[in-house]
Amino acid sequence: IPSPRPIDRHRRDANYSGAVWAIVQVDAAKLPQKAIRLNITMPQRVLERVDRFVEETGDTRSGLLVRAVTTLMASRPPGPPAPGRGSEKQTAGKSRRAQKTAKFRTGNKR
């Protein structure tokens, strides 16, 4: 599979002479991916509702949460973080847990 570049550049490449070019839409949420274990916190009453729902539907907690998150993200464009939900440090690629760990290791408690 060629690396992403403008299609005209690929068309001029002798390695792909005679190739048929097509553009297809792919729902990346449906592509197989390595699963990562995640530890989250949620209100007990919400978890109880999740458990009842997956029991009734034969689904799993993980499956339900993945579909809920991907559906929510697909339904609205990305925007600024909700108040109190983001900071410059977090947007630089560090999670809140990584920031706390780094502060603990350096002795910086702020």
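Quick caveat: nothing in here was measured; it's all calculated off a predicted structure.

### Brief notes about the overall build of the protein chain
Stage number 1. Per the secondary structure count, the protein chain includes five helices and zero strands.
Stage number 2. Buried residues in the protein chain amount to 5% of all 110 residues.
Stage number 3. Just so you have it, the protein chain exposes about 10,800 Å², and 55% of that area is on carbon and sulfur atoms.

### Some thoughts on a nonpolar patch on the surface
Stage number 1. On the surface, V24, V26 and L31 cluster together into a nonpolar patch covering about 290 Å² of accessible area.
Stage number 2. Mapping V24 onto the fold places it in the loop between α1 (7–12) and α2 (44–57).
Stage number 3. Since its relative accessible area comes to 64%, V24 is described here as exposed.

### Some remarks on the pattern of salt bridges
Stage number 1. For the structure on display, the rule yields three salt bridges.
Stage number 2. A salt bridge links D8 to R11; the shortest N-O distance between them is 3.3 Å. Here D8 pairs with R11, and both are found in helix α1, just three residues apart, close to one helical turn.

### Focus on α2
Stage number 1. For α2, with 14 residues, the first-to-last C-alpha span of 20 Å sits near the 20 Å given by 1.5 Å per residue.
Stage number 2. Positive backbone phi, at 75°, marks G58, one or two positions downstream of α2.

### Considering the environment of A29
Stage number 1. Its place among the elements puts A29 in the loop between α1 and α2.
Stage number 2. Along the chain, A29 and T71 lie 42 residues apart, while their C-alpha atoms are 9.3 Å from each other.

### With respect to the confidence of the model for the protein chain
Stage number 1. Summing up the model confidence of the protein chain, the mean pLDDT is 79 and the portion of residues at 70 or higher is 72%.
Stage number 2. Summarising per-element confidence for the protein chain, the mean pLDDT is lowest in helix α4 (residues 88–91) (48) and highest in α2 (97).
Stage number 3. Low pLDDT (under 50) marks residues 87–91, which in the prediction has seven contacts with non-local residues, meaning those over four places away or in another chain.

### A word on the environment of W21
Stage number 1. Positionally, W21 belongs in the loop between α1 and α2.
Stage number 2. The spatial distance from the C-alpha of W21 to the C-alpha of I7 is 8.2 Å, given a sequence separation of 14 residues.

The rules behind each value
Residues numbered from 1 in each chain as written. Predicted model: local features only at pLDDT ≥ 70, side-chain atom pairs only at ≥ 80, totals over all residues. Heavy atoms only, no water. Helix = DSSP H or I, 4+ residues; strand = E, 2+ residues; numbered from the N terminus. Buried < 20%, exposed > 50% of the residue type's maximum accessible area, 1.4 Å probe, protein only. Areas by Shrake-Rupley, 256 points an atom, 1.4 Å probe, with all protein chains shown as cover. Patch = residues over 30% accessible without salt bridge, like charges linked within 9 Å, V, L, I, M, F, W, Y side chains within 5 Å. Salt bridge = Lys/Arg side-chain N within 4 Å of Asp/Glu carboxyl O. Expected span 1.5 Å × (residues − 1). pLDDT = per-residue confidence, 0-100. Contact = heavy atoms within 4.5 Å.

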